[in-house]
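Coordinates in review
In case you want the letters, here they are:
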Amino acid sequence: MNFSSNEDKTIKDFGEQWLKYSENKGYYGSLELFSDILYPFLKTEDMRGCKIAEIGSGTGRIVNMLLEAGAQHVIAAEPSDAFEVLCRNIRQPEKVTCLKITGDKLPAYDDLDYIFSIGVLHHIPDPIPVVEAAYRALRPGGHFFVWVYGKEGNELYLRLIHPLRGITKHLPHFILALLVWAIYIPTAIYIKLCHRFPLPLRGYMLSVLEKMSPEKRRLIIYDQLNPEYAKYYTRFEAEKLLSDGKFENVRIHHRHGYSWTVIGTKPLI
Ligand SMILES: C[S@@+](CC[C@H](N)C(=O)[O-])C[C@H]1O[C@@H](n2cnc3c(N)ncnc32)[C@H](O)[C@@H]1O
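Residues numbered from 1 in each chain as written. Predicted model: local features only at pLDDT ≥ 70, side-chain atom pairs only at ≥ 80, totals over all residues. Heavy atoms only, no water.

1. Section: the overall build of the protein chain
On a plain count of helices and strands, the protein chain comes out with ten helices and seven strands. For a compact globule of 269 residues, the expected C-alpha radius of gyration is about 18 Å, and the protein chain comes in at 18 Å, within 12% of that figure. When its C-alpha atoms are laid out on the principal axes, the protein chain stretches across 50 × 40 × 35 Å. The buried share of the protein chain, taken over its 269 residues, is 54%. For the protein chain, the share of sequence-separated contacts (at least 6 apart) that also reach a separation of at least 24 residues comes to 69%. Roughly 12200 Å² of accessible area belongs to the protein chain as shown, and the carbon and sulfur atoms make up 58% of that amount. (Helix = DSSP H or I, 4+ residues; strand = E, 2+ residues; numbered from the N terminus. Rg over C-alpha atoms; globule rule 2.2 N^0.38 Å. Buried < 20%, exposed > 50% of the residue type's maximum accessible area, 1.4 Å probe, protein only. Contact = heavy atoms within 4.5 Å. Areas by Shrake-Rupley, 256 points an atom, 1.4 Å probe, with all protein chains shown as cover.)

Structure, rendered in structure tokens:
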């Protein structure tokens with residue numbers, strides 16, 4: 001695989017995506033969703049007074065969640081053309097440093113309490129340099145928190161999405177947006193059916209997707225179909241990302257049965 005051209009194309013795809021879908025209203029940008037993402041390892045209160053970085057900030061929804069949770073300072077790293085949207089969306093700019101860089105270029109601050117990378121490492125063909133940069137930027141005892149797509153729990157979905165993505169990632173925005181509308185309608189019916197039947201991805205449908213506004217549901221469908229590169233991690237691969245990266249006390253959680261939340265700590269010495 002040509003890592004660098006895949007990475008560049010993925011970053012370009014996200015730049016275009018976020019210029020079209022630039023705001024973070026409702027549950028999609030809420031502290032309630034942030035608590036759900038952090039569970040069971042952290043609470044929003046843990047962010048209070050902390051120095052934090054987010055790798056791959058997109059339109060800044062996680063940065064704003066961190067600020068709302070009381071972070072003292074946030075470093076927001078975003079390499080794509082979404083950088084301008086990110087800077088515009090930040091609610092307390094005096095508490096944020098925005099950097100237009102890829103994650104591997106995160107400066108070696110060595111004093112951050114937390115680094116978050118939510119929905120990002122699975123879009124990077126070679127994430128190891130990013131994990132290494134996160135390690136260097138944390139203080140000893142600081143934590144790296146990662147959320148990635150999971151393979152387990154998504155088997156049926158992956159059988160549908162893989163061949164579809166082979167086409168959709170090449171489509172121009174307006175055709176993809178039309179296709180998203182066509183998929184949105186059966187998805188809404190599927191969510192309703194999940195209330196009655198134990199269907200695949202039920203946990204995700206009822207705990208996350210149903211709480212999103214129709215517009216955000218369509219964004220989430222678009223986000224699945226648009227980027228050049230997306231990897232669905234097995235439990236083993238997700239855990240290995242951090243344990244191979246010298247982190248200790250690595251813990252993993254199967255979030256809503258479809259994705260992996262992984263947290264590791266930089267050793268004290
Ligand atoms: C699915 S979005 C997640 C955005 C944000 N974390 C959120 O949850 O709303 C993935 C983001 O990762 C960024 N990204 C892609 N490759 C990256 C890299 N090598 N380093 C840092 N960010 C990257 C993309 O530009 C995109 O904005």
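2. Quick notes on the pattern of salt bridges
One pass over the full model with this rule turns up 14 salt bridges. With a closest N to O distance of 3.7 Å, D81 and K100 form a salt bridge. Taken together, the residues D81 in the loop between β2 (73-77) and α4 (83-89) and K100 in the loop between β3 (96-99) and β4 (112-118) connect sequence positions 19 residues apart. E228 is the partner of K169 in a salt bridge, and the nearest nitrogen-oxygen pair spans 3.9 Å. Within this pair, whereas K169 is found in the loop between α6 (155-168) and α7 (173-196), its partner E228 is found in the loop between α9 (214-225) and α10 (235-243), the two being separated by 59 residues in sequence. When its relative accessible area of 15% is taken as the criterion, E228 is described as buried. Here the salt bridges do not stand alone but share partners, grouping K9, D13, K169 and E228 into one network. (Salt bridge = Lys/Arg side-chain N within 4 Å of Asp/Glu carboxyl O.)

3. A word on α7
For α7, spanning 24 residues, the distance from its first C-alpha to its last is 35 Å, which sits close to the expected 34 Å at 1.5 Å a residue. Along its buried surface, α7 packs onto α6, α8 (202-207) and α9. (Expected span 1.5 Å × (residues − 1).)

4. Structural notes on the site of the ligand
Around the ligand sit 21 residues, and of these E7, E54, G56, R61 and E78 come closest. G103 has a polar backbone atom sitting 2.8 Å from a nitrogen atom of the ligand. About the coverage of the ligand: the protein hides 97% of its 600 Å² of free accessible area. Of all elements in the fold, only α1 (3-20), β1 (51-55) and α3 (61-68) reach the threshold of two or more residues within the shell around the ligand. Broken down by element, the shell around the ligand gets its largest block of residues, four residues, from α1. Of the residues contributing to the shell around the ligand, the split by class is nine nonpolar, seven polar and five charged. (Near = heavy atom within 4 Å. Polar contact = N/O pair within 3.5 Å; in protein donor to acceptor, adjacent residues only side chain to side chain. Nonpolar A, V, L, I, M, F, W, Y, C, P; charged D, E, K, R; others polar.)

5. So, the sheet that holds β2
Spatially, seven strands are ordered β3-β2-β1-β4-β5-β7-β6 in an open sheet, and the strand pairing comes out mixed. Both outer strands of the open sheet, β3 and β6 (248-255), are each paired with one neighbouring strand and no more. Sheet twist, expressed as the mean angle between neighbouring strand axes with direction ignored, is 15 degrees. One ladder, built from four bridges, connects β2 with β3; its direction is parallel. The residue bridging I75 from the neighbouring strand is T97, located in β3. The strands that α3 touches are β1, β2, β3 and β4; relative to β2, the one it contacts most, it runs at about 175 degrees. Set on the sheet, α10 makes contact with β5 (138-149), β6 and β7 (259-265); between it and β7 the angle comes to about 20 degrees. (Pairing = 2+ DSSP bridges. Axes fitted to C-alpha atoms, helices over the stretch in contact; angles between N-to-C directions.)

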